[in-house]
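# Residue-level structure breakdown
Listed here are the chains, written in short residue letters.
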Amino acid sequence: MSLLAPGVIPLPESMAPGEGHFPLKKETAIRFDPQLLGLAESFSKELEVASGFAPRIYNEMLRIHLPSQIRLDLDPGMEGKSGAYSLEVRAEGIILTGKDVQGAYYGTRTLLQLLPPKGGDPLQVAAVKIRDQPRFGWRGMHLDVGRHFFPVEDIKGFIDWMAYHKLNVFHWHLTEDQGWRLEIKKYPKLTEVGAFRESTPPYGNRDSDDGQRYGGFYTQEEVREIVAYAKERHVTVVPEIDMPGHMAAAIAAYPQFGNDDIPGYAPKVMTRWGVHPYTLAPTEETFRFVDDILTELCELFPSEYIHIGGDEAPKDQWEASPRVRELMKKEGLKNGHDVQSYFIKRVEKMLAAKGRKLIGWDEIREGGLAPSATVMSWRGEQGGIDSAREGHDVVMASNSHLYFDHYPLPAEQELAKGVEYECIGGYLPIEKVYAYDPVPVALTAEEAKHVLGVQGQLWTEYMKTWDKVEYLAFPRIAALAEIAWTPVARKDFADFSRRLGPMLERYDAAGVNRSAFVPPAKRETVGGVKVSTSLGFYQNHWPELAHDGREDSFFWADRELRVGDHFTLDFPQPRGGRIEVVTGGKASKNGDRLEQGVLEASTDGANWVKLADFESGKAGGALPEGTTRVRIQVTGAQTNWLIIEEIRFAE
Ligand code: ACM
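### Points about the overall build of the protein chain
Scanning the protein chain for helices and strands turns up 17 helices and 30 strands. Computed over C-alpha atoms, the radius of gyration of the protein chain comes to 27 Å, within 12% of the 26 Å expected from 2.2 N^0.38 for 651 residues, which places it in the range of a compact globule. By its C-alpha atoms, the protein chain is 75 × 75 × 50 Å across when sized along the principal axes. Considering the protein chain as a whole, with its 651 residues, one finds that 58% of them fall into the buried category. Contacts in the protein chain between residues at least 24 apart in sequence constitute 72% of all its contacts with a sequence separation of at least 6. In the form shown here, the protein chain has an accessible surface area of approximately 26,100 Å², with 51% of it arising from carbon and sulfur atoms.

### A look at the confidence of the model for the protein chain
On average, residues of the protein chain score 95 in pLDDT, and 99% of them reach the 70 mark or higher. The secondary structure element of the protein chain with the lowest average pLDDT is strand E22 (residues 530-533), at 92, and the one with the highest is strand E9 (residues 169-173), at 99. The model gives residues 1-5 a pLDDT under 50, and that stretch makes eight contacts with residues more than four places away or in other chains.

### Some details on empty space enclosed by the protein
Counting across every chain of the model gives one cavity of 30 Å³ or more. Phe22, Leu24, Phe43, Leu47, Ile70, Ile94, Leu111, Leu115 and Val125 together form the lining of the largest cavity. At the level of secondary structure, the elements contributing two or more residues to the lining of the largest cavity comprise strand E1 (14-24) and helix H1 (37-51). The class makeup of the residues in the lining of the largest cavity is nine nonpolar, no polar and no charged.

### Examining the layout of surface pockets
Over the atoms, a rolling probe the size of a water molecule traces out where space has been left empty. Reported here for the second largest pocket is a volume of approximately 990 Å³. The set of elements that each furnish at least two residues to the lining of the second largest pocket consists of H1, helix H2 (101-114), helix H3 (152-164), helix H5 (220-232) and helix H17 (493-509). In terms of residue count, the dominant contributor to the lining of the second largest pocket is H1 (nine residues). The residue inventory of the lining of the second largest pocket, partitioned by class, reads 17 nonpolar, six polar and nine charged.

### Regarding the pattern of salt bridges
Applying the stated criterion to the full structure yields 43 salt bridges. Residue Lys417 is joined to Glu414 by a salt bridge in which the shortest nitrogen-to-oxygen separation is 3.0 Å. Classification of Lys417 as partly exposed rests on a relative accessible area of 42%. The buried category is assigned to Glu414, whose relative accessible area is 0%. Of the charged contacts in the structure, one is a salt bridge between Asp495 and Arg499, with a shortest N-O distance of 2.8 Å. With Asp495 and Arg499 both in helix H17, this residue pair falls four residues apart, about one helical turn.

### So, the side chain of Gln178
Along the chain, Gln178 falls in the loop between strand E10 (175-176) and strand E11 (179-180). The exposure class assigned to Gln178 is buried, which follows from its relative accessible area of 0%. A polar side-chain atom of Gln178 sits 2.9 Å from a polar atom in the side chain of Arg147. The contact partners of Gln178, leaving out residues within four places of it in the chain, are Gly146, Arg147, Arg197, Val269, Met270, Arg272, Trp273, Gly274 and His276.

### So, the packing of aromatic side chains
Applying the stated criterion to the full structure yields 36 aromatic pairs. For the pair Phe287 and Tyr342, a centre-to-centre distance of 6.1 Å together with 70° between the ring planes defines the contact as edge-to-face. Placement of Phe287 in helix H7 (residues 284-300) and of Tyr342 in helix H10 (residues 336-353) is noted, with a sequence separation of 55 residues between them. Phe287 sits in the buried class, given a relative accessible area of 3%. Within the aromatic cluster, the residues linked to one another by ring pairs are Phe149, Phe150, Phe158, Phe170, Trp172, Tyr218, Phe301 and Trp466. The aromatic ring of Tyr434 is capped on one face by Lys491, whose charged end is 5.4 Å from the ring centroid.

### Examining the sheet that holds strand E3 (residues 56-59)
Spatially, seven strands are ordered E1-E7-E5-E6-E4-E2-E3 in an open sheet, and the strand pairing comes out mixed. The open sheet has two edge strands with one neighbour each: E1 and E3. Pairwise comparison of adjacent strand axes, ignoring direction, gives a mean angle of 20° for this sheet. As judged from the four bridges shared by strand E2 (residues 29-32) and strand E4 (residues 69-74), these two strands associate in the parallel manner. When the sheet's bridge partners are listed, Ile30 is paired in E4 with Ile70. Each of E1, E2, E3, E4 and strand E7 (123-132) touches H1; the most contacted strand, E2, lies at about 165° to it.

### Things to note about the sheet that holds strand E27 (residues 609-613)
Pairing within the open sheet is antiparallel, and its five strands lie in the order E22-E24-E29-E26-E27. In the strand order of this sheet, the two ends are held by E22 and E27, each with one partner. When the angles between neighbouring strand axes are averaged without regard to direction, this sheet yields 20°. Where strand E26 (residues 597-602) meets E27, four bridges bridge the pair, whose relative direction is antiparallel. Paired with Val598 across the two strands is Asp613, which belongs to E27.

### A short note on the pairing of strand E8 (residues 138-144)
Consecutive side chains of a regular strand alternate in pointing toward one face of the sheet and then the other. Here E8 lies mainly inside the structure; seven of its seven residues are buried. Burial of the side chains of E8 extends over both faces: Trp138, Gly140, His142 and Asp144 are buried on one face and Arg139, Met141 and Leu143 on the other. In this structure, E8 lies alongside strand E21 (residues 451-456), joined through four bridges in parallel fashion. Along E21, the bridge assignment pairs Trp138 with Gly453. Of the pairings in the sheet, the one linking E8 to E9 comprises five bridges and is parallel in character. Paired with Asp144 across the bridge in E9 is His173. On the question of chirality, the crossover connecting E8 to the parallel E9 by way of H3 is right-handed.

### Quick look at the packing of helix H16 (residues 476-485) against H17
One can describe the packing of H16 onto H17 by two numbers: an axis separation of 10 Å at closest approach and a directional angle of 130°. Comparing their axes, H17 and H16 come out oblique. Helix-helix and strand crossings are classified by hand; for H16 and H17 the assignment is right-handed. Facing H16, whose interface residues are Ile477, Ala478, Ala479 and Glu482, H17 presents Phe496, Arg499, Leu500 and Tyr507. Taken together, the residues of the contact of H16 with H17 sort by class into six nonpolar, no polar and two charged.

Each value, and the rule that gives it
Residues numbered from 1 in each chain as written. Predicted model: local features only at pLDDT ≥ 70, side-chain atom pairs only at ≥ 80, totals over all residues. Heavy atoms only, no water. Helix = DSSP H or I, 4+ residues; strand = E, 2+ residues; numbered from the N terminus. Rg over C-alpha atoms; globule rule 2.2 N^0.38 Å. Buried < 20%, exposed > 50% of the residue type's maximum accessible area, 1.4 Å probe, protein only. Contact = heavy atoms within 4.5 Å. Areas by Shrake-Rupley, 256 points an atom, 1.4 Å probe, with all protein chains shown as cover. pLDDT = per-residue confidence, 0-100. 1 Å grid on protein atoms, 1.4 Å probe; cavity = no way out; pocket = protein on both sides within 12 Å on 5 of 7 lines; lining within 4 Å. Points joined across faces, edges and corners; volume = space filled by probe spheres on them. Nonpolar A, V, L, I, M, F, W, Y, C, P; charged D, E, K, R; others polar. Salt bridge = Lys/Arg side-chain N within 4 Å of Asp/Glu carboxyl O. Polar contact = N/O pair within 3.5 Å; in protein donor to acceptor, adjacent residues only side chain to side chain. Phe/Tyr/Trp six-rings, centres within 6.5 Å; stacked < 30°, edge-to-face > 60°. Lys NZ or Arg CZ within 6 Å of the ring centre and 35° of its normal. Pairing = 2+ DSSP bridges. Axes fitted to C-alpha atoms, helices over the stretch in contact; angles between N-to-C directions. Right-handed = clockwise from strand over helix to strand, strands pointing away. Parallel < 35°, antiparallel > 145°, perpendicular 65-115°, else oblique. Left-handed = near helix turned anticlockwise from the far one by under 90°.

Shown next, in the form of structure tokens:
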């Protein structure tokens, strides 16, 4: 691309530079297909923000001559998925063609990003030819407004930025133990009581109280306004009412729908974070309550999917409740997981009767998944893998790569700036988000069709202000957008980093309180050996550190090991000699050495010979002459993670 062409994020499917530039100037006008009137109007206003003047708009039926024009066209016969578009910038004009209205809209998002971030008069748009379509249909961002509440204007701004990144599902987490945020007309106490708590832990001390009453909620009118605002930007709002757990605020308002037959039952709107014991009771009265809420919810939100949560529902209260024990006997439910499954299946039927689909966090698998449910996999990928294999649709939202409530820079660096930089924990650098592929390697091509897409999560325990939400969302949202939209074969972190530069300028110009982008350290192995692995890495312990010639640095996997996990080295030239692998290290209190595994070598990349079994975390042997690859294969699952201290070679 020419130097004048700023980076586009997410990277389009194909992009070919042309000759020259199109000057966007006062005379430039928009000529639109009649079906794109709304887009022409809104895009003209957006161009005014970027350039200082609003292009006039002309229906293409008016066959007048326009000396400088941007055409907005539709071609339903265009190849590709919904959202596909083509965009051609030439010196003499711009032609944008959408497969559908959504596609035309995405083309305008790309065009906005082709404008130089710093402006200019005229604004020069470098010539280019783009064809583009989304990789996934579900490109989501989640926001928890239960732990902290954010005004309508902030939510709208967030939706604008989502759309700018071609994200299209706003998962609005509306209810929590610490606050119920949605007006429900039939149950006014949900907000009168449930929207307010008496205290909140301050930053820096999770086990204390600030003693300040805190709360807020969205009226139904505000919700309608937000849903309509999102729709104009091709964003679907998927509401979440989290049940049967995370319900303390609702139960504080209406204790009769909780397990109020337990001695000493005293629900309140929670003032501390974490998982709380209050669950809805699986009674007919409660199911009527839930059904009433879902009825109002479905009137407000036209989305195909309704998220019913399902996560982190402790079973203790059900086990202690005489009423639930009686139900278990009657329905043949053996344990708490069966009760959870019974509950979710009842809710699934309610939603089906309203013509909606149920989606929930992966705990909805407990006790057996409801037949038509879609699963949002957050506890790693396993829930998504298992569900896809069983034929259920899944959205990947793993806490290993997609939880934006984790530190964007190492915790020590963030906390050195002040307690208000506190995060829930973890460390999620932008390159780790970028490295994530929403299709788990374990799935076959057929199973992978069940992966609807991918979503970033913003849980707001440690986000008291909108500034902090922005700090954690930006710029990681850009990496999310690219893994959700761009063909996997086009992903390239170095190129993304370059394109991120202009994007950061745009965030800054718009006053977004983003976190710093620190390019990751160069990852080099001895002699340019290429490393690949099925494992993610913990903190900065990336895979290359297993073969960097140093004893003091090491690879550290970020999870338990499963049979079939591998760590593979590809040599630039065939070689022989000896290999020695040392796993485990003092950095982990568990040692994290490989308990059951084999070391294998291959001369053709496909057929493998075993060199040795791992014993006491070590393996070594002589490489067959002409070896091009070696791999460590996990042959037994282990709960410990894995440290590979060093892989050494000798002639
Ligand atoms: C979750 O993070 N509890 C879905």
